[in-house]
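One-letter residues, chain by chain:
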Amino acid sequence: MNKAELKDLKALLQGHLPEENTVRNHSRAGGNNLQDVLSGNYLAAGEVFKISSSYPYDMTIGKRKLRCYRIPEIVHKYSGSGKLELGDIVFLDTETTGLGTGSGTFVFLVGLGYFTEKDFTVDQYLLDRLSGEQHFLESIISEISSYCGIVTFNGKSFDMPLLRNRFIFNGLTAELPDLWHLDLLHLTRRLWQNSLSGYDLQNIEQQVLGFWRNPGEDIPGEKIPEVYRNYLQDRDASFLKNIVLHNRTDILSLVILLDLIAELITGDIRDCFEWKFRDESGIGKLFEQMRDEVNAIRCFERSIRIFDDDRVSLKRLSFLLKKRGEVSRAEKLWEKAAACDEIYAMVELAKLEEHQRKNYVKALEWTLRAHNLLQQRAMVNSGNFQSLIKRSNRLQQKLNRDKIEDD
Amino acid sequence: MDIMDDLLKSILEDPYWGPNIIFHGLEPVRNSQWLPFPDDLAGSLRNYLRSAGINNLYTHQRQAYDMIRSGRNIIVSSGVASGKSLCYQLPVLQTLQEDADLRAMLIFPTKALAQDQRGALEAIISHAAYSGSPAVIGIYDGDTSLPQRKDIRDRANFVITNPDMLHMGILPHHTGWHRFFRNLRFVVIDEVHVYRGIFGSHFANVLQRLKRLTLFYGVKPVFIFTSATLTNVSVFVHRLIHEDAFLISDDGSPGGERHFLIYNPPYINRELGLRKNYMTETVKLAKHLLKFDLQTLIFAHTRRMVELILTYLQAETGESHVIKSYRGGYLPSSRRKLEKDMKSGITRITVATNALELGIDIGGLDVVLINGYPGSIASLRQQAGRGGRGVRKSLTILVLSPALIDQYLIRHPEFITDKDPEAALINPENPFILLFQLKCALFEKPFLNNEGFGCLSPEELVPFLDLLQKYGVLHDEGEKKYWISDAYPAGQFSLRTLGADYFLLQHEGKTLGLVDASSAFWMTHPQAIYIHEGDTYLVKDLHLQEHIAELSRIRTDYYTQAISQTDFELLLQKHSEEVQEVKKFFGQLKVTHRVTGFKKIKWFSNEILGYCELDLPPQEMITYGYWFALGKKLVDALCVENNWNNRSNDYGPGWSGLTSQIQERDGRQCRICGYKGKERVLDVHHRKPFRTFADPQKANHPDNLITLCRTCHRRIEKNFYIQSGLSGLAFLLGNISPFYLMCDRKDIHVVVQENSKLAEGLPVIVIYDSIPGGMGLAEKLYSQHSLLLQEALAVVRDCACTTGCPSCVGPEAEMGQGSKRIVKKILETINHE
Ligand SMILES: [Zn+2]
Ligand SMILES: [Zn+2]
Ligand SMILES: [Zn+2]
């Protein structure tokens, strides 16, 4: 295809292209600079803009005060971290150019909230030009690196993977530090399962925390990519202000949501049951993480009673029972699971027959069933596979030996 | 004498079958050629091979091993069941022994092939007992669960996937695959010949995106292709990856004798070109096959035909327990049982549609019976390839339908056997495909200022990137251009369509597939019969706003054919040349196409059951066309030779009385030029030719009659004469061209224009790419113009019919009688014979 043929590509493709957004013109006259709109300053390279804001401890949001004392304890328990101080924890939220985690989605605003001796501070880094991404990420990494625990909302499947993608993309040698990560979305889902109309931060604010954002100072999440896109093209920062405020509010919400959760969980446990716990399996897992096996077993049992097909609880419960030496109870569960084609259960049953009962025929039967099933799966870890093959070989040998001895 | 020889004899020497076998091809026994294992092959792999009874490698396997190990890209182009998989398995597994972090990507066009291959690799790996951490194999496709996906990304040494998943699920998320990409050493692309047309053109761009990313992660993987035997496969592969690949075409594997018979059902009426129903003949042959202890697979086009054949066979033999059908839409369990019974030999005859896709393992069969040419050489070869196991003899019988495309094969049986067909045409630079692929590429990684794409230079890329900027998805910061939209471009189109715009095919709310908007009106207009994966559907409605074609299942005895009007505007004439009495052209055209109605045509007999009108808006597209014009001298010469005969047609009783009535009505005046004098005779002319009516009363209805002077009458008859000649020729060319393009009939459109703007008012035949932006088909035809016309002449000359038939210039009901004579005359004059 030569130049003449491509002369007017748009005409050529006319009528075959779907509707797309059109762009505003470049550099509108009279647009505001970042510094006109936001109180912050450019970092060294001039491509990253930093905004810092502080809030007194006794500020109230909704019905709650910002300062809370239970946060380190709850982060410690549910992220699996060691002992933490309040100052070791950072609250993170990002704003992005899209909702996917593909390589074409950029993070352009990162808010980091932390407690200081005298207040709660939010540092926000804004990517002013896409070409500055590397500096942007480096600034963030250097700040995050001074904390041990991180709190996000949906950060495990969105913010952190996306940031990690951006690091990889920029070929940064310094990796995102491996912080103890507490994702409040997971806890929230467990605590308020089926009782909220949505599990985004906004719904939680309104239905759990009891506050509404000021529409004049906020922006609906779905509009954010477009506003930033326009800023890149026309450099008018006027509309960025609401994105920055939005991000800051997200972080403040995180703090008081965590405080509420902490109150619910670290308080008297019986109280909590009377409260509106729904997800017994989830709570069971929480107890398991806290190494409270008795309560965990109770939750899992209740969950299985309610949901007959709760395979996860069944699996966890069976291993907890095995660990506590209640083998016959565990065996019943494995038999139930094996009937649902669970490979782990077959392997456990095979072990039980081989080591405890010395019934090699039955052990081999279970092993072969697992082997056949595994063969039908899309993905095969040849390690699993080989261990099954090894087991069945060993059992065959034992059986042959028995036969010879019988003769 | 073995049983196959008995069978062959029973057919070839039979007084009924024998004379109608019009071709007997034989691929002789192929002896194996061996080479020893390569020196550096690890002991564990040697042990595995020995345990599988392999003590040497076939020559092509060894050659592949050496080439791959030395870092060369290769193409293994060898026959069915020649051990192609081992060509890449061995070198890749050997390299894995030396580098436990190694990653390889294996791309298969079908799920069945992917499953198959995983099984094979797994068998080797678990047997060859890898030291260190065991190798992991993962199938990454639409069925893979989320937790497995992460595991595969991070840990699988072998990722088995398909082009769609690579496009949608892997490349746009490459950072999640960084461990994989940093260690990617091999990319295996199996059955590369299936990547043709739109799919192939997209795939070339997907591979380009892959290469762009491997460069980013600092690796340069070796590309390994396997292919059916094709001419020019190296050129084809170069179009795909813009790199050279070493071609290995010596086949060292042994093969049994392969027989190929073409059976042409005998004539019922030679003059009309009517032959015995081919499906009935297929059933008859199948019954004959049952007498032998051999396993047979029958292929038919549609599920309906599969059902018919099955019903006849079961009823006529009473052996329904050993005769089964295989088509789409089974539950997995019943499908597995069918496959098992075929493999074990319990099922003696299986009747299948093409749903029996590449890679579904049913074992080798003795006889493949193909009910009608499947539409492309590639499918024909694939179907025939189902025959043969190891060194046993095998037989394929193709039963021809009366369609021209089938009958044309008789002229070129070498298309089927000895001569390799050419690789299909792809056009990765089709602007539609390119634009959408560039969006994906941009999403994956910003474009640098001096960056090209595929064979496009940075300058050639500019108009595309400008357009993306205009649409607001690209942000230019000087040094780099970034994707800035919140959309996910890879999710916006399928590799099976042009990408620009398409209609969803929906059945009971479920989406069955897609059809390009440019062909939606043509193929899925309201009331159209649409065949999808062997099943017949009626288009209940075409929702223009929602872009949905609503289908319902139907059993019919007819198919439909759209009637359309086409106008051309010449945008850019690229080539033209006078070749004797005709002038040929190639250029860019703007095509305005309007589907105005459709015909219902009866299966088998091709009888026209009725016409219906449609009210659809016109569609415009820009594409490429090849056209040729009959020169003025040629047209005049043809008309002289037409020797306008005064042979008084028998227009029925009372004709002379009728003529004077009509002349009276028309004022004894020519209704065209107004001539009223005495020098010229006044004739009464049938507006619609008399011969096209079944009922003479209707033909002679006054509304169909008009008074003309002899001069005007001649001109009109001449136009009709030329027109029917052009239509017949167009039918002929449209049907034989796909053989030279390795494409489907629907990939090109053929249009006749009596006085065309494209050639100063001369009559032309235009053949154009039916896909906007073109696939390169018209350009290829332009270069094969003379060959095409010679072939066309041979077809007409050798056809036994007198005035034209479906096997040459088209069914007479459509063109009117006599079309064969004029087509022959045109072709003889052009070809100087
Ligand atoms: Zn936010
Ligand atoms: Zn006249
Ligand atoms: Zn004919």
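Everything numeric here is computed off the predicted structure, so don't read it as measured data. (Residues numbered from 1 in each chain as written. Chains lettered and ligands numbered in written order. Predicted model: local features only at pLDDT ≥ 70, side-chain atom pairs only at ≥ 80, totals over all residues. Heavy atoms only, no water.)

A. Geometry of the overall build of chain B. The helix and strand tally for chain B stands at 26 helices and 34 strands. Compactness check: chain B gives a C-alpha radius of gyration of 30 Å against a globular reference of 28 Å for 833 residues, within 12% of the reference. Taking the principal axes of the C-alpha coordinates as reference, chain B spans close to 105 × 75 × 50 Å. For chain B, with 833 residues in total, the buried portion stands at 57%. The averaged location of the 92 negative side-chain charges in chain B is 2 Å from the averaged location of its 92 positive side-chain charges. (Helix = DSSP H or I, 4+ residues; strand = E, 2+ residues; numbered from the N terminus. Rg over C-alpha atoms; globule rule 2.2 N^0.38 Å. Buried < 20%, exposed > 50% of the residue type's maximum accessible area, 1.4 Å probe, protein only. Lys, Arg positive; Asp, Glu negative; His and termini not counted. Charge placed at Lys NZ, Arg CZ, Asp CG, Glu CD.)

B. Here's a closer look at the overall build of chain A. A count of helical and extended segments in chain A gives 18 helices and 10 strands. When burial is assessed residue by residue, chain A has 53% of its 407 residues classed as buried. For chain A, the share of sequence-separated contacts (at least 6 apart) that also reach a separation of at least 24 residues comes to 65%. Accessible area of chain A: about 19,500 Å², with a carbon and sulfur share of 47%. (Contact = heavy atoms within 4.5 Å. Areas by Shrake-Rupley, 256 points an atom, 1.4 Å probe, with all protein chains shown as cover.)

C. Examining the coordination of the zinc ion (ligand 2) more closely. In the first shell of the zinc ion (ligand 2), the protein supplies C670(B) (SG), C673(B) (SG), C709(B) (SG) and C712(B) (SG), at 2.2 to 2.3 Å from the metal. One can describe the donor arrangement at the zinc ion (ligand 2) as tetrahedral, given that its 4 donor atoms subtend angles of 103 to 114° at the metal. (Donors = N, O, S within 2.8 Å, 3.2 Å for Na, K, Ca; no water. Tetrahedral: all angles 85-135°; square planar, octahedral: opposite > 155°, others 65-115°.)

D. Inspection of unusual backbone geometry at higher detail. Even without glycine at this site, R235(A) takes up a positive phi of about 55°. As for its position among the elements, R235(A) is in the loop between helix 9 (224–234) and helix 10 (240–266). Its identity as a non-glycine residue notwithstanding, H547(B) has a phi of 60°, on the positive side. Structurally, H547(B) can be placed in the loop between strand 25 (535–543) and strand 26 (548–553).

E. Representation of the sheet that holds strand 15 (residues 323–326) of chain B. All names here are of chain B. With mixed pairing, 7 strands are arranged side by side in an open sheet as 1-11-18-17-14-16-15. At either margin of the open sheet sits one strand with a lone partner, and together these are strand 1 (21–27) and strand 15. In this sheet, adjacent strand axes meet at a mean angle of 15° when their direction is disregarded. By the bridge criterion, 5 bridges tie strand 17 (residues 367–371) to strand 18 (residues 394–399) in an arrangement that is parallel. Within strand 18, the residue paired with N371 across the bridge is V399. Sitting on the sheet, helix 11 (residues 278–289) touches strand 11 (258–263), strand 14 (296–299), strand 16 (349–352), strand 17 and strand 18, and the angle it makes with strand 17 is about 165°. (Pairing = 2+ DSSP bridges. Axes fitted to C-alpha atoms, helices over the stretch in contact; angles between N-to-C directions.)

F. Broad picture of the nonpolar core. Counting 145 residues, the largest nonpolar core has I189(B), L240(B), L729(B) and L732(B) as the members making the most contacts within it. Residue contributions to this core peak at 11 residues, all from helix 22 (residues 710–741) of chain B. By size, the runner-up hydrophobic cluster in this structure holds 69 residues, among which are C68(A), F153(A), I204(A) and L254(A). (Core = buried A, V, L, I, M, F, W, Y, C linked by side-chain atoms within 4.5 Å.)

G. Spotlight on the domain arrangement of chain B. All names here are of chain B. Assigned domains within chain B: domain 1 (34–248), domain 2 (258–417) and domain 3 (433–485). The gap between the C-alpha centroids of domain 1 and domain 3 is 30 Å. In this complex, domain 1 contributes 15 residues to the contact, which on the side of domain 3 involves 15 residues. For domain 1, the biggest contributors to the area lost against domain 3 are N205, R209 and R212; these three give 48% of the whole. A salt bridge links E451 to R212, with the nearest nitrogen and oxygen atoms 2.6 Å apart. Applying the counting rule to domain 1 against domain 3 returns 8 residue pairs in polar contact (both at pLDDT 80 or more). Residue contributions to the side of domain 1 that touches domain 3 peak at 10 residues, all from helix 9 (residues 197–216). (Domains from an automatic or database assignment. Buried area = accessible area lost by both parts, 1.4 Å probe. Salt bridge = Lys/Arg side-chain N within 4 Å of Asp/Glu carboxyl O. Polar contact = N/O pair within 3.5 Å; in protein donor to acceptor, adjacent residues only side chain to side chain.)

H. Main features of the sheet that holds strand 9 (residues 180–183) of chain A. Residues and elements named next belong to chain A. Spatially, 7 strands are ordered 1-2-7-6-5-8-9 in an open sheet, and the strand pairing comes out mixed. Two strands close off the open sheet at either side, each with one partner strand: strand 1 (41–42) and strand 9. Sheet topology places strand 5 (residues 89–96) next to strand 6 (residues 107–115); 6 bridges connect them, and they run antiparallel. When the sheet's bridge partners are listed, D93 is paired in strand 6 with G111. Seen against the sheet, helix 6 (residues 155–169) touches strand 5, strand 6, strand 8 (149–152) and strand 9 and runs at an angle of roughly 75° to strand 5. Contacting strand 1, strand 5, strand 6 and strand 7 (119–127), helix 9 runs over the sheet at an angle of about 70° to strand 5.

I. How the structure looks around the packing of aromatic side chains. The tally for this structure, following the rule as stated, stands at 34 aromatic pairs over all chains. Ring geometry for F91(A) against F115(A): centres 6.4 Å apart, planes inclined by 75°, an arrangement best described as edge-to-face. Taken together, the positions of F91(A) in strand 5 and F115(A) in strand 6 put the pair 24 residues apart, joining distant regions of the chain. Overall, the relative accessible area of 0% leaves F91(A) in the buried class. Where F91(A) meets F120(A), the ring centres are 6.0 Å apart and the plane angle is 75°; that geometry is what we call edge-to-face. Taken together, the residues span a long stretch of sequence, with F91(A) in strand 5 and F120(A) in strand 7 at a distance of 29 residues. Take F120(A): its relative accessible area is 0%, and that puts it in the buried class. Here a set of aromatic residues connected by ring pairs shows up, and it is made of F169(A), Y140(B), W177(B), F180(B), F181(B), F216(B) and Y217(B). (Phe/Tyr/Trp six-rings, centres within 6.5 Å; stacked < 30°, edge-to-face > 60°.)

J. Highlighting the pattern of salt bridges. Tallied over the full model, the rule gives 56 salt bridges over all chains. Across the pair E307(B) and R555(B) runs a salt bridge whose closest N-O atoms are separated by 3.3 Å. Of this pair, E307(B) sits in helix 12 (residues 303–317) while R555(B) sits in the loop between strand 26 and strand 27 (558–579), and the two are 248 residues apart along the sequence. Taking relative accessible area as the criterion, R555(B) reaches 60% and is therefore assigned exposed. The network of salt bridges with common partners includes E205(A), R213(A), D218(A) and D250(A).

K. Local environment of the packing of helix 4 (residues 84–98) of chain B against helix 5 (residues 111–128) of chain B. All names here are of chain B. Contact pair helix 4 / helix 5: the axes reach a minimum separation of 12 Å and the direction vectors enclose 45°. Regarding the angle of helix 4 to helix 5, the classification is oblique. As helix 4 packs across helix 5, the resulting crossing turns out to be right-handed. Between helix 4, through S85, Y88, Q89 and L93, and helix 5, the contact on the second element is made entirely by Q117, A120, L121, I124 and I125. Split into classes, the residues belonging to the contact of helix 4 with helix 5 amount to 6 nonpolar, 3 polar and no charged. (Parallel < 35°, antiparallel > 145°, perpendicular 65-115°, else oblique. Left-handed = near helix turned anticlockwise from the far one by under 90°. Nonpolar A, V, L, I, M, F, W, Y, C, P; charged D, E, K, R; others polar.)

L. The arrangement of the confidence of the model for chain B in detail. All names here are of chain B. When pLDDT is averaged along chain B, the result is 86; 94% of the residues meet or exceed 70. Across residues 643–648, where pLDDT falls below 50, the model places 5 contacts with residues more than four positions away in sequence or in other chains. Our summary of model confidence lists the complex with pTM equal to 0.80 and ipTM equal to 0.77. (pLDDT = per-residue confidence, 0-100.)

M. Region of the structure containing the environment of M523(B). For M523(B), the location among the structural elements is in helix 18 (residues 517–523). What M523(B) contacts, discounting residues up to four positions off in sequence, is A528(B), Y530(B) and K746(B).

N. Up close: the pairing of strand 8 (residues 184–189) of chain B. Residue and element names in this part refer to chain B. Counting buried positions along strand 8 yields 5 of 6 residues, so the element is predominantly enclosed. Pairing geometry for strand 5 (residues 103–107) and strand 8, over 5 bridges, is parallel. In the sheet register, I107 faces strand 8, and the bridge partner there is I189. Two strands pair when backbone bridges link them, and strand 8 and strand 9 (residues 222–227) are joined in this way by 4 bridges, in the parallel orientation.

O. Focus on the side chain of T659(B). All names here are of chain B. Here T659 is to be found in helix 20 (residues 655–665). On the accessibility criterion, T659 (17% relative accessible area) is buried. In this structure the side chain of T659 is engaged in a polar contact, spanning 2.6 Å, whose partner is the backbone oxygen of S656.

P. Just the packing of helix 13 (residues 293–306) of chain A against helix 14 (residues 311–323) of chain A, in detail. Residue and element names in this part refer to chain A. Packing of helix 13 against helix 14 brings their axes to within 9 Å, and their N-to-C directions diverge by 140°. Helix-helix and strand crossings are classified by hand; for helix 13 and helix 14 the assignment is left-handed. Side by side, helix 13 and helix 14 meet where E293, A296, I297, F300, E301, S303 and I304 of the first sit next to S313, L314, R316, L317, L320, L321 and K323 of the second. In the contact of helix 13 with helix 14, the residues fall into 8 nonpolar, 2 polar and 4 charged.

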